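Read off the chains here:
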There are 2 protein chains.
Amino acid sequence: MSDRPTGGSSGVRTFRVECGEGSYPVHVGLGTFEALPDLVTGSVPAHRYAVLCDDNVDRILGARLVDGLRGMAAEVIRLTFPAGEASKNRHEWARLTDSLLDAGLARDGAVIALGGGVTGDLAGFVAATFMRGVPLVYVPTSLLAMVDASIGGKTGLDTTHGKNLVGAFHPPRMVVTDPRLAVTLSREQRAEGLVEAVKHGAILDDGYLTHIEENIEATLGADVDALGAAVEGSVAIKTRVVSQDEREQGLRSVLNFGHTLGHAIEAASDFGLSHGAAVALGMVLEARLGEHLGVTESGTGDRLAGIVRRLGMRDRLPEAVEPEAVVTFTGSDKKARRGAPRYVLLERLGAIAAGEGWVHPVPLDVVRTVLREHVEAD
Amino acid sequence: MSDRPTGGSSGVRTFRVECGEGSYPVHVGLGTFEALPDLVTGSVPAHRYAVLCDDNVDRILGARLVDGLRGMAAEVIRLTFPAGEASKNRHEWARLTDSLLDAGLARDGAVIALGGGVTGDLAGFVAATFMRGVPLVYVPTSLLAMVDASIGGKTGLDTTHGKNLVGAFHPPRMVVTDPRLAVTLSREQRAEGLVEAVKHGAILDDGYLTHIEENIEATLGADVDALGAAVEGSVAIKTRVVSQDEREQGLRSVLNFGHTLGHAIEAASDFGLSHGAAVALGMVLEARLGEHLGVTESGTGDRLAGIVRRLGMRDRLPEAVEPEAVVTFTGSDKKARRGAPRYVLLERLGAIAAGEGWVHPVPLDVVRTVLREHVEAD
């Protein structure tokens, strides 16, 4: 381990995210899950709490949280939905909202989102729109949600047109992150989370990237101190970026590094590649794009490719994914302006190339060329 | 006419509403509708504009606005929905959102809501949730929306459980209010709008209330100067209140005067009474409630009853509406806390009784008694 902050049992670190309505704390520490009923009832008082989680998380953690809250004499509503991205739709949102109305949740209630990114998006949108917004507490259970989705206040649903096309900014009142919950995840799920940690290092902190690289095996292997350090390091970076630019008018867009191609690859693979694997590959290919344009330091793509392979992921486009389909999907990206996809490009690892508000329009031909050069040869 | 500001053709008055994200202007003036394409393209630049209005408003004003915008070389999408509260539901929201996605609206688009309160709520919620929020311009066409719904950033949909149970705060970028549009409304529609103007005077400005009273016939009769003065006076009061308390944590709740009983009466009449008529009656009965409790100056209910009758509305509960049903509905009010309905009570006309954060819990028995004493004898 390097001298980075560790997530040892020594205590809880609290980061603050500035947002339009003030700020909210992100409490990170091993064992915070046990402290949750205390934290929630103390800091986010409500007449009733609605715990929303998917059926998998419910089996593992749902009863513990609900019992803990009831032990504090809180009234609790417990609602579940099927695990998986397919639940992130308007129908499930309407069903959960109606169930909360049936159960008597009112404006003086609060929602606790217990789960990964899908839960944060879905339960978050329920909270954002319930009687024009009730307080939200987010308890991320996946490593990916701990280092990424839990910070920033984005909520959303998918439609047949694409992902997150309906949604709202609804900053949580509090985020409670217990890296120990990542121990029970699969190695692959931890790898998914590490992709975003790698991204945080790649765009803003080469030292942190090196730390992640050195501890990759320990983190994938569920070493709690390594997990704690990765979560703390990424939360520190992401809270800093989001605090400076909640609504993604400028700096926040640097967090999209790897995501323009990542989203397009995910879609072009018909979601055969996981989100993490697609973003990992997207980072490698966007680094190569930057090198091709002469913006990014030579060798950057190779180093990222090495890290991505150690995460057990591909660094080249699978043969089954058509480069042309990827190019087409980049044009329908939510961040596209006037139809031209825009890319966050690295100057070198740990530093973003400034561009126009941190993004660079890149001609489709250049994208096409780079993609074709990096198709996997089986 | 008194010495209140007039809405004469002399010019446009601009009020500003402070909100979490900054502030937005409310431009009020005869003829601003003609200036709309200029105002919108100048102050809310967008790649594409989506004009959303109901089919009635579309026939009268839709083409004029769309042509005006296209005359400024703007790309315009025009979408309509059936007029009436029944359109304010999740299905219509999803249909409009999908139509905007089909038409290629992206994050760099903007929504123009052209219509009354239903349109503001529905199109506003579309804008609030489209790709986590796109800019909204609100152009109120009913007197009620001009003096009330257009200011404050509330958007929402109805569910089978009740009105506005799903929604979001999404402040418009700009409100453009042309009181001349109220000339083509029916006398009854103008009376609906005046109810909220009466409320503004009743809670915060006895002088304005007197002005409204003195000009009631001219305003109902569509005198443009009287309309302009009523709109300006109410916009001045509402923008001041909302600027102090956007999220209804305190002062903004005074705007609910007449609405706790009003909403319950509207529901108990199975929406046989219009919203305006129900709120008018609600104001009279809440004044009488305050008098019964010794909080409100004696005679207040009588003076409000006189004004309400001059608006062509009832000042007593129709025989067909069960007092007990009204009492039950007050318990399910969105603003109820721990099941106890809370009332905004007047101290006297032009002044609110402070209470706890401007609201008073009132025992159901007292409400029941006052309602029973004021049933219409046919």
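In case you missed it, the structure is sitting above this.
Conventions and cut-offs
- Just so you know, the residues in each chain are numbered from 1, in the order the chain's sequence is written.
- Note on labels: chains are lettered from A, ligands numbered from 1, in written order.
- Residue-level local features of this predicted model are given only where pLDDT is at least 70; pairs of side-chain atoms are given and counted only at 80 or more, and the full residue set underlies all totals for whole chains, interfaces and linings.
- Based on all heavy atoms of the structure, the side-chain values leave hydrogens and waters out of the count.
- Residues belong to a common nonpolar core when they are buried Ala, Val, Leu, Ile, Met, Phe, Trp, Tyr or Cys residues joined through side-chain atoms within 4.5 Å.
- Under the scheme applied here, a residue whose accessible area is under 20% of the maximum for its type counts as buried, over 50% as exposed, and between as partly exposed, the area being computed with a 1.4 Å probe on protein chains only.
- The contact rule is simple, with two residues in contact once any of their heavy atoms fall within 4.5 Å.
- Residues are said to line a cavity or pocket when one of their atoms sits within 4 Å of a point; the points come from a 1 Å grid over protein atoms alone, cavities being sets where a 1.4 Å probe fits but cannot get out and pockets being open sets with protein on both sides within 12 Å along at least five of seven lines.
- Grid points are joined across faces, edges and corners, and a volume is the space filled by probe spheres set on the points.
- To qualify as a helix, a DSSP run of H or I must reach at least 4 residues; to qualify as a strand, a run of E must reach at least 2; elements of each kind are numbered from the N terminus.
- Under the scheme applied, nonpolar residues are Ala, Val, Leu, Ile, Met, Phe, Trp, Tyr, Cys and Pro; charged residues are Asp, Glu, Lys and Arg; polar residues are all the others, including Gly.
- Simply put, the buried area is the total loss of 1.4 Å probe accessible area from both parts when two parts are fitted together.
- Here, a salt bridge means any Lys or Arg side-chain nitrogen found within 4 Å of an Asp or Glu carboxyl oxygen.
- Here a polar contact is taken to be a pair of N or O atoms separated by no more than 3.5 Å, where protein atoms must pair a possible hydrogen donor with a possible acceptor and residues adjacent in sequence count only if both atoms sit in side chains.
- Strand pairing is assigned whenever DSSP detects at least two bridges linking the two strands.
- Each axis is a line fitted through C-alpha atoms, and for a helix only the stretch in contact is used; angles between axes span 0 to 180 degrees, taken between their N-to-C directions.
- Each angle is binned into one of four classes, with values under 35 degrees roughly parallel, values over 145 roughly antiparallel, values of 65 to 115 roughly perpendicular, and all other values oblique.
- The crossing is said to be left-handed when, going from far helix to near helix, the turn is anticlockwise and less than a right angle, and right-handed when the turn is clockwise.

Caption draft 1: Inspection of the nonpolar core at higher detail. Among the nonpolar cores identified, the biggest contains 250 residues, and Trp93(A) and Trp93(B) are the most heavily contacted of them. If near-sequence neighbours (up to four positions away) are discounted, Trp93(A) is found in contact with Leu122(A), Phe125(A), Val126(A), Thr129(A), Leu157(A), Arg90(B), Trp93(B), Phe125(B) and Val166(B).

Caption draft 2: Highlighting empty space enclosed by the protein. Residue and element names in this part refer to chain B. What the rule picks out here adds up to two cavities of 30 Å³ or more. If you add up the space inside the largest cavity, you get close to 90 Å³. Lining the largest cavity are 14 residues, with Gly 120, Leu 136, Tyr 138, Ala 149 and Lys 154 positioned closest to its centre. Sorting the residues of the lining of the largest cavity by element identifies helix H4 (117-129), strand S6 (136-140) and strand S7 (154-159) as the ones contributing at least two each. By residue number, the principal contributor to the lining of the largest cavity is H4, which donates four residues. Among the residues making up the lining of the largest cavity, the classes are represented as five nonpolar, seven polar and two charged. Looking at the second largest cavity, its volume works out to about 80 Å³.

Caption draft 3: Region of interest: the interface of chain B and chain A. Taken together, the 35 residues of chain B in the interface contact 35 residues of chain A. Each partner contributes to the roughly 3300 Å² buried at the junction of chain B and chain A, and carbon and sulfur atoms together form 55% of this total. Inspection of the region where chain B meets chain A yields two salt bridges. In this structure, Arg90(A) engages Asp98(B) in a salt bridge whose closest nitrogen and oxygen atoms are separated by 2.8 Å. Applying the counting criterion to the chain B and chain A interface returns ten residue pairs in polar contact (both at pLDDT 80 or more). Elements with a contribution of two residues or more to the side of chain B that touches chain A: helix H3 (90-102), H4, S7 and strand S8 (162-169) of chain B. A total of seven residues in the side of chain B that touches chain A trace back to one element, the largest contributor, which is H3(B). Grouping the amino acids of the side of chain B that touches chain A by side-chain chemistry returns eleven nonpolar, ten polar and 14 charged.

Caption draft 4: How the structure looks around the sheet that holds strand S3 (residues 48-54) of chain A. All names here are of chain A. Overall, mixed pairing links the seven strands, which are arranged S1-S2-S9-S6-S5-S3-S4 in an open sheet. Bordering the open sheet on either side are strand S1 (13-19) and strand S4 (75-81), each of which pairs with just one other strand. Each adjacent strand pair in this sheet contributes to an overall mean axis angle of 20 degrees, direction not counted. One ladder, built from seven bridges, connects S3 with S4; its direction is parallel. Looking at the pairing, Tyr 49 lines up with Val 76 of S4. Set on the sheet, helix H1 (residues 32-43) makes contact with strand S2 (22-28), S3, strand S5 (110-115), strand S6 (136-140) and strand S9 (174-177); between it and S9 the angle comes to about 165 degrees.

Caption draft 5: Spotlight on the packing of helix H6 (residues 187-204) of chain B against helix H11 (residues 275-292) of chain B. Residue and element names in this part refer to chain B. Here H6 crosses H11 at 30 degrees, and the two axes come no closer than 8 Å. With respect to their mutual orientation, H6 and H11 come out roughly parallel. The hand of the H6/H11 crossing is left-handed. Judged by residue contacts, Glu 192, Val 195, Glu 196, Val 198 and Lys 199 of H6 engage His 275, Gly 276, Ala 277, Val 279, Ala 280 and Met 283 from H11. Looking at the contact of H6 with H11 residue by residue, the classes come out as six nonpolar, two polar and three charged.

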